[in-house]
Amino acid sequence: ANSGSVDADLATFSAVKPNYLADLHSLANTRIASTRRVNVRGGGGACTFEGVPFDADTPHHSLEAGRVHQYNLDGTDGHPFHLHVNSFQISAITNGNTEGGYYQVGDWHDVLFTEASVRFQAADFTGKAVMHCHFLHHEDLGCMTYSVITANSEGNNAASIASAYTTKFTATQATGSPPPPPQPSPPPFNPPSPPPLSPPPIPSPPPPSPPPNPPPN
């Protein structure tokens, strides 16, 4: 088919997605719990977040679990951004570079090599969530940082977040594939019977004793 057209031979369908991939792009800004700029800059074979070398004792920021958050990524057209724990959805390509159409608004990623605004649910897990340059030699030189996700008493999991945004979320919890059929039981193991034992041999009778010698006259 030509670019931009739909191939008549391809059937269209609507995929059922798990709650953690519920659409965030269409949410109003007022429903985003936090919005923050994340800047990745540097040259000469290295980079930093916000111009600060990695410090294991200092998080970049904190986030509340059970909420939707937005990062406005800056400098990530030169240093690919990778986020651990939670996948993110592109809500805007801010520099216009889609890498030939590879990046599209509404797509889900965990690595991004353009400048964009992205949204994600801080769902199911609390604690540290690492982010780093995906040029791994840059990461090894300290181009990384982390956020701290804190607990929320109202519910941290993706299903509860979807419920809170019920007027906008359309995804439903995906059902898993049916379990495979049970494997047939192996046939019972019947070891072969040992051969019958031969009866012990019957001993031969002893030879007759010689007659006694007659007494002398």
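What comes next concerns the included structure. (Residues numbered from 1 in each chain as written. Predicted model: local features only at pLDDT ≥ 70, side-chain atom pairs only at ≥ 80, totals over all residues. Heavy atoms only, no water.)

1. Observations concerning the sheet that holds strand S9 (residues 116-121)
With mixed pairing, the 6 strands of this open sheet are ordered in space as S2-S1-S4-S9-S6-S7. Each having just a single partner strand, strand S2 (48-49) and strand S7 (108-109) make up the two edges of the open sheet. Bridge count for strand S1 (residues 34-41) against S2 is 2 bridges, and the pairing is antiparallel. Bridge pairing in S2 links Arg41 to Thr48. (Pairing = 2+ DSSP bridges. Helix = DSSP H or I, 4+ residues; strand = E, 2+ residues; numbered from the N terminus.)

2. As for the side chain of Gln89
With respect to the element layout, Gln89 can be found in strand S6 (residues 88-93). Using a relative accessible area of 3% as the deciding quantity, one classes Gln89 as buried. Engagement of the side chain of Gln89 in a polar contact is seen with the side chain of Asp23, the distance being 3.0 Å. Not counting residues up to four positions away in its chain, the partners in contact with Gln89 are Ala22, Asp23, Leu24, His25, Gly106, Asp107, Trp108, Ser117, Val118 and Arg119. (Buried < 20%, exposed > 50% of the residue type's maximum accessible area, 1.4 Å probe, protein only. Polar contact = N/O pair within 3.5 Å; in protein donor to acceptor, adjacent residues only side chain to side chain. Contact = heavy atoms within 4.5 Å.)

3. Considering the nonpolar core
If you look at the biggest cluster of nonpolar residues, it comprises 24 residues, and the most contacted ones within it are Tyr71, Phe81, Leu112 and Val118. Contributing elements (two or more residues each) for this core: S1, strand S4 (68-74), strand S5 (81-83), S6, S9 and strand S10 (127-133). Ignoring sequence-local partners within four residues, the contact set of Val118 consists of His69, Gln70, Tyr71, Leu73, Phe88, Gln89, Ile90, Ser91 and Leu112. Ranked by size, the runner-up nonpolar core spans 6 residues in total, among them Leu24, Leu27, Ile32 and Val68. (Core = buried A, V, L, I, M, F, W, Y, C linked by side-chain atoms within 4.5 Å.)

4. A closer look at the state of the cysteines
What the rule picks out here adds up to 1 disulfide. There is a disulfide in this structure between Cys47 and Cys143, and the S-S distance comes to 2.0 Å. Since a negative S-S torsion denotes a left-handed disulfide, the Cys47-Cys143 link at about -110° is left-handed. Pair noted here: Cys47 is in the loop between S1 and S2 and Cys143 is in the loop between helix H1 (136-140) and strand S11 (144-150), with a separation of 96 residues, a long-range link. (Disulfide = S-S within 2.5 Å.)

5. Re the sheet that holds S11
Strand pairing in a sheet relies on backbone hydrogen bonds, with the paired strands running either antiparallel or parallel. Taken in spatial order, the 5 strands line up as S3-S11-S10-S5-S8 in an open sheet, and their pairing is mixed. Because the sheet does not close on itself, it has two edges, and the strands there are strand S3 (61-64) and strand S8 (111-112). Relative to S10, S5 runs antiparallel, the two being bridged by 3 bridges. Across the sheet, His82 pairs through a bridge with His132, a residue of S10.

6. Some points on the pairing of S10
Of the strand pairs in this sheet, S10 and S11 are connected by 6 bridges, and their pairing is antiparallel. Each residue of the ladder has a partner; that of His132, found in S11, is Met144.

7. A word on the packing of aromatic side chains
Considering all chains together, one arrives at 6 aromatic pairs under this definition. Measuring from ring centre to ring centre gives 6.0 Å for Phe81 and Phe88, while their planes differ by 45°; the resulting arrangement is tilted. Of the residues examined, Phe81 reaches a relative accessible area of 1% and is grouped as buried. Geometrically, the ring pair formed by Tyr102 and Tyr103 is edge-to-face, given 4.9 Å between the ring centres and 75° between the ring planes. The exposure class assigned to Tyr102 is exposed, which follows from its relative accessible area of 54%. Three or more aromatic residues joined by ring pairs form one cluster here, namely Phe49, Tyr71, Phe81, Phe88 and Phe120. Geometry around Tyr146 places Lys128 over its ring, the cationic atom sitting 5.0 Å from the centre. (Phe/Tyr/Trp six-rings, centres within 6.5 Å; stacked < 30°, edge-to-face > 60°. Lys NZ or Arg CZ within 6 Å of the ring centre and 35° of its normal.)

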